[in-house]
Amino acid sequence: MIERLRAHYSIRDERVLRVMREVPRHFFVPEALRERAYGDHALPISGNQTISQPYIVARMTELLELDDRSRVLEIGAGSGYQTAVLARLAAQVYAIERIGELARDAQARIRELNIYNATIKAFDGTLGWEAHAPYDAILTAAGGPDIPQPLLAQLKIGGRLVIPIGSSREAQRLIRVCRTEAGYEQEEHGACVFVPLIGRYGWQT
Ligand code: SAH
């Protein structure tokens, strides 16, 4: 998996590659699919959701440019795999998952791996998590029609937000927003497919 990320997908951040070598992805995948945990694909998890393809996890993480002082907000924790990767690179991760059962299971897995700098709560992540704002980095692992306004507001000046945005629920483009003194700068990083971001500032159910 790591060689493919490096050679085929041109992931260059060695810290991201090292952490993805260390975090046991099979631990976050349903038992029946464990043999496929390190393959080049997303996999189903419970609640009709998915654990993102390794490439997408690596690319989004790389785009966040984290260091060991970063305070990170994650929306769409799902299995908790991306949360674990973020937690190994950053100071503190606040993760939100809409589906209560997924949030509980993800938090339990994170604890089993002795990761203590990540908290996962169940609520609508399109509202952000005001109590811990502002954030150095925000990652959204579900695709919405627009960038939720609260996420822009909760981003630090100098911070980065990575989110898939698309005018339909089926396909998106990966967007990175960097907040500067002057405002927000937006870049595109290719086509992608995520499950829908459902909430007040996302798709309605
Ligand atoms: N990074 C996760 C991806 C999970 S799929 C992993 O690798 O396992 C995206 C997740 O976003 C789903 O679990 C879905 O329930 C969640 N989601 C969708 N809309 C949301 C919202 N408004 N707030 C929080 N989570 C949301």
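Preceding block: the structure.
Let me begin by describing the structure that accompanies this report. Predicted model, so just to flag it, every value in this text is computed and none were measured.

1. A closer look at unusual backbone geometry
Thinking step 1. A cis geometry characterises the amide bond from A133 onward to P134, with omega recorded as 5°.
Thinking step 2. One can find P134 in the loop between strand 5 (118-121) and strand 6 (135-140).
Thinking step 3. The phi angle at S10 is positive, at roughly 55°, despite the residue not being glycine.
Thinking step 4. Relative to the helices and strands, S10 resides in the loop between helix 1 (2-7) and helix 2 (14-22).

2. Looking at the site of the ligand
Thinking step 1. The immediate surroundings of the ligand are formed by 26 residues, with T50, S79, E97, G125 and I198 found nearest.
Thinking step 2. S52 places a polar main-chain atom, nitrogen or oxygen, 3.2 Å from an oxygen atom of the ligand.
Thinking step 3. In the environment of the ligand, an oxygen atom lies 2.7 Å from a nitrogen or oxygen atom belonging to the side chain of S79.
Thinking step 4. Here the ligand, which alone exposes 570 Å², has 99% of that area covered by the protein.
Thinking step 5. Listing elements by their share of the shell around the ligand, those giving two or more residues are strand 2 (50-51) and strand 3 (71-75).
Thinking step 6. Looking at the shell around the ligand, its residues break down into 13 nonpolar, nine polar and four charged.

3. A few points about the pattern of salt bridges
A side chain with one charge may pair with a side chain of the opposite charge, provided their charged atoms come close.
Thinking step 1. Inspection of the entire model under this criterion finds nine salt bridges.
Thinking step 2. Ionic pairing is found between E14 and R6, a salt bridge with its closest N-O pair at 2.6 Å.
Thinking step 3. We note a salt bridge from R69 to D67, for which the minimum N-O separation is 2.9 Å.
Thinking step 4. Residues participating in the shared-partner salt-bridge network are E3, R6 and E14.

4. Observations regarding the sheet that holds strand 5
Thinking step 1. Within the open sheet, the seven strands sit side by side as 5-4-3-6-7-8-9. Their pairing is mixed. Every other strand in the sheet has two partners, leaving strand 5 and strand 9 (183-192) as the edge strands with one partner each. Across the sheet, the mean angle from the axis of one strand to that of its neighbour is 15°, orientation sign disregarded.
Thinking step 2. Pairing between strand 3 and strand 4 (residues 92-96): five bridges, direction parallel. Bridge assignment links V72 to a residue of strand 4, and that residue is V93.
Thinking step 3. In the packing of helix 3 (residues 54-64) onto the sheet, contacts are made with strand 6, strand 7 (155-165), strand 8 (172-180) and strand 9, and the angle to strand 7 comes to roughly 160°.

5. A word on the packing of aromatic side chains
Thinking step 1. In the structure shown here, the tally under the stated rule is six aromatic pairs.
Thinking step 2. Between F28 and Y81, the aromatic rings sit 5.7 Å apart at their centres with planes inclined by 65°, giving edge-to-face as the arrangement. With a gap of 53 residues between them, F28 in the loop between helix 2 and strand 1 (43-44) and Y81 in helix 4 (residues 81-89) connect regions that are remote in the sequence.
Thinking step 3. By relative accessible area, F28 is classed as buried at 1%.
Thinking step 4. Judged by relative accessible area, Y81 falls into the buried class, the value being 1%.
Thinking step 5. When the centroid spacing of 5.3 Å and the interplanar angle of 85° are considered together, the rings of F123 and W129 count as edge-to-face.
Thinking step 6. A relative accessible area of 28% places F123 in the partly exposed class.
Thinking step 7. Taken together through their ring pairs, the aromatic side chains of Y94, F123, W129 and Y135 make up a single cluster.
Thinking step 8. A cation over an aromatic ring shows up here: R25 above the ring of Y81, its NZ or CZ 5.0 Å from the ring centre.

6. A word on the pairing of strand 9
Thinking step 1. Judged from the eight bridges that link them, strand 8 and strand 9 form a sheet pairing that is antiparallel. Counted as the bridge partner of Q172 is C192 from strand 9.

Conventions used here
- Residues numbered from 1 in each chain as written.
- Predicted model: local features only at pLDDT ≥ 70, side-chain atom pairs only at ≥ 80, totals over all residues.
- Heavy atoms only, no water.
- Helix = DSSP H or I, 4+ residues; strand = E, 2+ residues; numbered from the N terminus.
- Near = heavy atom within 4 Å.
- Polar contact = N/O pair within 3.5 Å; in protein donor to acceptor, adjacent residues only side chain to side chain.
- Areas by Shrake-Rupley, 256 points an atom, 1.4 Å probe, with all protein chains shown as cover.
- Nonpolar A, V, L, I, M, F, W, Y, C, P; charged D, E, K, R; others polar.
- Salt bridge = Lys/Arg side-chain N within 4 Å of Asp/Glu carboxyl O.
- Pairing = 2+ DSSP bridges.
- Axes fitted to C-alpha atoms, helices over the stretch in contact; angles between N-to-C directions.
- Contact = heavy atoms within 4.5 Å.
- Phe/Tyr/Trp six-rings, centres within 6.5 Å; stacked < 30°, edge-to-face > 60°.
- Buried < 20%, exposed > 50% of the residue type's maximum accessible area, 1.4 Å probe, protein only.
- Lys NZ or Arg CZ within 6 Å of the ring centre and 35° of its normal.

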